[in-house]
Amino acid sequence: MNAIEIRGLTKRFGEKTAVNSLDLQVPAGEMLALLGVNGAGKTTTIRMLSCLSVPTAGECFVCGHSCRTEPTEVKRRIGLSPQETAVAENLTVRENLLFMAQVYGLERAEAVRRAEETIILMGLEEVAKSRAKTLSGGWKRRLSIAMALIGRPEVIFLDEPTLGLDVLARRDMWRVIRSLKGRMTILLTTHYMEEAEALADRIAVMLNGRLVAVGPLAELEEKTGRKGLEEVFVALAEGGGDQ
Amino acid sequence: MMRRIGAFAQRNAQEILRDALSYIFCLGFPLVMLVIMTLVDQSIPPEAGMTIFRIDNLSGGIAIFGQMFVMLFTAISVARDRSGAFLLRLFSSPMTPMDFILGYMLPMLVIALLQAGLLLVFSLGVSLLTGTALSLGGVLLSVLPLTPSAVFFIGLGLLFGTLCNDKAAPGLCSIIISLGAFLGSIWFDAQTTGGVLLDISRCLPFLYCTASVRAAMQLRLTWEALWLPLLIVTCSAALTALLAAVAFRWRMRAELA
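Reading guide: rules and limits
- Residues numbered from 1 in each chain as written.
- Chains lettered and ligands numbered in written order.
- Predicted model: local features only at pLDDT ≥ 70, side-chain atom pairs only at ≥ 80, totals over all residues.
- Heavy atoms only, no water.
- Axes fitted to C-alpha atoms, helices over the stretch in contact; angles between N-to-C directions.
- Helix = DSSP H or I, 4+ residues; strand = E, 2+ residues; numbered from the N terminus.
- Parallel < 35°, antiparallel > 145°, perpendicular 65-115°, else oblique.
- Left-handed = near helix turned anticlockwise from the far one by under 90°.
- Contact = heavy atoms within 4.5 Å.
- Nonpolar A, V, L, I, M, F, W, Y, C, P; charged D, E, K, R; others polar.
- Buried area = accessible area lost by both parts, 1.4 Å probe.
- Salt bridge = Lys/Arg side-chain N within 4 Å of Asp/Glu carboxyl O.
- Polar contact = N/O pair within 3.5 Å; in protein donor to acceptor, adjacent residues only side chain to side chain.
- Buried < 20%, exposed > 50% of the residue type's maximum accessible area, 1.4 Å probe, protein only.
- Pairing = 2+ DSSP bridges.
- Right-handed = clockwise from strand over helix to strand, strands pointing away.

What follows is about the packing of helix H3 (residues 55-83) of chain B against helix H8 (residues 168-183) of chain B. Packed helices, taken two at a time, are described by their axes: the angle between them and the distance between them. Residues and elements named next belong to chain B. Contact geometry of H3 with H8 gives a least axis separation of 9 Å together with a crossing angle of 165°. Taken together, the axes of H3 and H8 lie roughly antiparallel to each other. Between H3 and H8 lies a crossing whose hand is right-handed. Across the interface between the two elements, Phe65, Met68, Phe69, Met71, Leu72, Ala75, Ile76 and Ala79 of H3 pack against Ala169, Pro170, Cys173, Ile176, Ile177, Gly180 and Ala181 of H8. Taken together, the residues of the contact of H3 with H8 break down into 14 nonpolar, one polar and no charged.

Okay, here's the thing in structure tokens:
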């Protein structure tokens, strides 16, 4: 069963087409990396899948529910960690998680239990009592992902989860993301080749709003006759997105 | 729905109550003004016949002045949330526009009423120290007009926070605070000035906010003194809250387009 089903998805902003006739399926439990340079249309795609933006044309379904006509059903099943850190700055890590758990309708006792579980899952114990505004970029990003996880979503969208992090924090985040694999469907956007290579089951390459290739790395390498994702990406980009 | 509203309201209250500036502006500044203006009142000779700074007039005006800062912090809170990705995250959650509107307004109403309570208790203390009569019944009754006036200012804050960005909202609120204090007859008696200034004051709700609280404080329970201004303030509060709710829904839809 596909957790995400995208058919002819298009988003235009005036004259500019941010996403152009995108077709993509993501099976349940898979981690798919949406790879592309800045402005490729990755974030716009995530926004449409999260019901934060209405498609100009086409349709997208999450867990069988239409993002266009059943946004409430979709929102109950997804978690989003936006590109910018989206936390309540004056609340502690624990309070941020408790708040999000209650937003997803959990009773207080259950929300407290879920927050504690998520703190352990995400390794946030040492900063649980710290206010979000005092955290480093890496910890904030980890909290942001934890907030997206607390509603136990079937699908989670991680929009550039390691953007702006130093190399150690990035590797640490990779470990966290890897630990989520298999628990839920994960759609990760990134413009770091090594990140997509290290984490994803399949890689979807976007160029100028179009999906130019999708598959496991080995398949993309075979298709382009190049070795390594960076070489594959360059080959696809030089091909003008026609492949 | 109630759980979501409660969670969001608690979060908003925590954000405000953990900011030292909230205490300085919403409580400290009005209290300092109360003390300074009481000292000014003590310096005015009785034969001048100027009673605007007498505690039974002053405390009502100060309570309304304090609520204007609640407006400021409501606007800052909403505009700041909008400027970052925090609201974006919540827009992708099951929260509805009504959850957001009530979640912003309810904690601010509680904060405004707590602020009014503290200012009134302090005013009672000042009245005992200065030997000026301030009726306990009047102090208690003044909570009645202070409730719709709080809704009015919180509605304005939500409206400005929704329509302006986090840089413009505080500036606009500062202008409203200055104008509201001036046209609301907080620091002088608008009735004695007359002319165009009084006409403008009568066209805006600020004057009626102050007038209704002062009337309640002084137990002047006539239609003209208390009930008519209270009716105007209540209608203004309902209209402002409705406008703010419509604006927030419109903004939310625009951002999700």
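Past the structure itself, the notes keep going.
Further remarks concern the interface of chain A and chain B. Each partner contributes to the interface: chain A provides 36 residues, whereas chain B provides 23 residues. Together chain A and chain B conceal approximately 2500 Å² of surface at their shared face, both sides included; 56% is due to carbon and sulfur atoms. At the boundary of chain A and chain B, one finds one salt bridge. Two residues, Arg18 of chain B and Glu95 of chain A, come together in a salt bridge whose shortest N-O distance is 2.6 Å. Seen at the junction of chain A and chain B, the total is ten residue pairs in polar contact (both at pLDDT 80 or more). Listing elements by their share of the side of chain A that touches chain B, those giving two or more residues are helix H2 (71-77), strand S6 (78-81), helix H3 (93-103) and helix H5 (137-149) of chain A. Here the side of chain A that touches chain B gets five residues from one element, more than from any other, and that element is H3 of chain A. A breakdown of the residues in the side of chain A that touches chain B according to their chemical character gives 17 nonpolar, nine polar and ten charged.

Residue and element names in this part refer to chain A. Among the six residues in strand S8 (residues 185-190), six count as buried, and that is most of the element. Side-chain alternation along S8 places Thr185, Leu187 and Thr189 on one buried face and Ile186, Leu188 and Thr190 on a second face that is also buried. Across five bridges, strand S3 (residues 31-35) lies against S8 in parallel orientation. Across the sheet, residue Leu35 finds its bridge partner in S8, namely Thr190. As paired strands, strand S7 (residues 155-159) and S8 are joined by five bridges and run parallel to one another. The partner of Phe157 across the bridge, within S8, is Leu187. What joins S7 to S8 is helix H6 (residues 167-180), and the crossover it makes is right-handed.

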